[in-house]
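# Coordinates in review
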Amino acid sequence: MKRFDKGYIYSALLSDLFGSIMIFFLFFEEIFFDESINTENIISAIPFFVIALLVIYLCFIAYRIAYYKTSGYELTETEIKCKRGVFFTKRSVLDYKKIHAINKKQNLLQRIFGIALLTVDSGSTNTSHQAEIIIIEKDKTVDALLNELNALKETGERSMADESATEEVLLSENDSLFHFTSKRKILHTLINVASIAFCTGLFGILAIAVIGVCKLMLEQNFLGTWGQYFLFATLITLGAMLLLSAFSFIGNMIRLFIGYHNFTITKHGNEIRISFGLLEKHTNTFSYDRIKAVKISQGLIERILGFASIHLEVIGYTYEAGSNNVELGVLVPFCKYSEINEILEKVLPEYTPDEKQTKAAAFFPFVSWFLLIEGIVTGATLIFAVTMMAIFHLSLSVIATVVCSVIGLGLLILIIKLLSAVLSYQINGLAINNGKITVYSGGFTKRVTVLMTKNLIAVANVTTPLRKKAGITSLVMHLKTNAQSNEVTVHIQDDTLTDKLENLLIS
């Protein structure tokens, strides 16, 4: 069994050095920031601090060396084997034909030392929290392994794939099926910030009204210090939201320009590769037939301006437990909505969305449960608040203000829900055509999900006695993905669609 490349030790230890320093400061933070301890005592304790830091770092060194000596991989005639771990050793064996996805990753330190991480996944729901096979090798070796394994998963035997494994796959920007240009990145950032600014603007209008009421209260001494509390709280919240907008702009710019650096999509036969990243470079490879669904999403501002993003559901590619890497499932981070069909025709021609054939059967069901729940919650809150204030003998002016505030907040939430319901009523629907289902769903965020009927594993009919009597229902479609099932829901449809979808499962 071949060991991982030694570059793993060097890159990991450099990273561990920063980790050791952080752990050291966590343990001795109070010493450095305690004003009662003078500088001379700290200087005299420097040898102790150095020894403590060395002990922490030596523990990391011992672990990395042990991991290197106990870990490795092997490619046999029909399967790939991997062993890794120190305290708990994990042995994985994966048949070439059961490979679902092969992903290459490189962070900045790994790129400096010329190594890369190759993960090979079977797509099993039992092991979806991590890849079965992890290999750490030289960058060029990982590229060669990636190409070889892509050939092996089709043929199943290494001896038959030797010739095809030597073929070079080009990943130049000129070959890319989609270009995420700087112009698109800046526009994407501005739209994200515009969404936050829109919410800030709405809150600002509300804040102006609240500030005016608070000032009036202060002038007439209506609520005393309560008016000051309302005023200060409103001003602080408004300032926080404006600050959030500024940080959002900077954060989005950094994420897009660094996270999506040199974003390319290439297609070679049945294989699709998505490559991107500057500090951490990803090269994700999967087969066309492993795709379970294509998801197109549009936020409210994106809908108004005509933009969207495209995500994929691919077993072994779109899920990584405990990871904040939202880019894992991205096919196209940002594009014009009118370009979607053109892009999918190049990359995934079978998954181009069809025009909606059905629409929501009624509007009231979109708000009926919400009206009931909000009415109960608002009523209970008012009764409780008035009762407590009466017990504490608060003035009628305070009670009236609290009652008006609760009712006003309830009306504001109701207006937002009504807007969402109107959008949902307009959006929800589906199309069934030639073994393909296109589902339209969402409210403020519009979602279009395209899946093949062959990937449909269950259909659920969600209704109530009144809705059943009216012949309407919500349909929940389950497709097999990294989770045991992935739900796609279309709301308030004619219940005759249930039979049509069930027939698709049988056929």
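Throughout this description, residue numbers start from 1 for each chain and increase along the sequence as written. Local features in this predicted model are restricted to residues of pLDDT 70 or higher, and side-chain atom pairs are both shown and tallied only at a pLDDT of 80 or more, whereas totals for entire chains, interfaces and linings draw on every residue. Excluded from the side-chain calculation are hydrogens and water; included are all heavy atoms of the structure.

## Thoughts on a nonpolar patch on the surface
Going by this rule: To count toward a patch, a residue needs a relative accessible area above 30% and no salt bridge. Like charges then connect within 9 Å, nonpolar side chains (Val, Leu, Ile, Met, Phe, Trp, Tyr) within 5 Å. Shrake-Rupley sampling with a 1.4 Å probe provides the accessible areas, and residues are treated as covered by the protein chains on show and by no other component. Here a salt bridge means any side-chain nitrogen of Lys or Arg lying within 4 Å of a carboxyl oxygen belonging to Asp or Glu. Numbering of helices and strands runs from the N terminus; a helix is a DSSP stretch of H or I covering at least four residues, while a strand is a stretch of E covering at least two.
On the surface, Leu 108, Ile 112, Leu 243, Phe 247, Ile 250, Ile 254, Ile 258, Leu 278 and Leu 279 cluster together to form a nonpolar patch covering roughly 830 Å² of accessible area. Within the residue set of the nonpolar patch, elements represented by two or more residues are α4 (108-112) and α8 (225-259). With 5 residues, α8 is the single largest residue contributor to the nonpolar patch. In this structure, Phe 247 sits in helix α8.

## Overview of the side chain of Ser 20
To be explicit about the condition: Contacts are assigned to residue pairs that have any heavy atoms within 4.5 Å of one another.
Assignment of secondary structure puts Ser 20 in helix α1 (residues 7-33). When near neighbours in sequence (up to four residues on either side) are disregarded, Ser 20 contacts Leu 53, Ile 56, Tyr 57 and Phe 60.

## Overview of the environment of Ile 427
To keep things clear, this is the line we draw: Three exposure classes are used, based on accessible area relative to the maximum for each residue type with a 1.4 Å probe and protein chains only: buried under 20%, partly exposed in between, and exposed over 50%.
Along the chain, the position of Ile 427 falls in helix α12 (residues 396-427). Ile 427 gets classed as buried once you look at its relative accessible area, which sits at 3%. It is 7.1 Å that separates the C-alpha atoms of Ile 427 and Lys 446, two residues lying 19 residues apart in sequence. Beyond its immediate stretch of four places on either side in the chain, Ile 427 contacts Arg 303, Lys 356, Tyr 440, Ser 441, Gly 442, Gly 443 and Lys 446.

## With respect to the pairing of strand β5 (residues 101-106)
Test applied: For two strands to be treated as a pair, DSSP must find at least two bridges joining them.
With 6 of 6 residues buried, β5 is to be regarded as a mostly interior element. Of the two faces of β5, the one lined by Ala 101, Asn 103 and Lys 105 and the one lined by Ile 102, Lys 104 and Gln 106 are each fully buried. As judged from the 5 bridges shared by β5 and strand β6 (residues 115-121), these two strands associate in the antiparallel manner. Within β6, the position partnered with Asn 103 by the bridge is Thr 119. Bridge count between β5 and strand β10 (residues 281-287): 6 bridges; the pairing is antiparallel. Bridge pairing in β10 links Gln 106 to Lys 281.

By themselves these figures say nothing about function.
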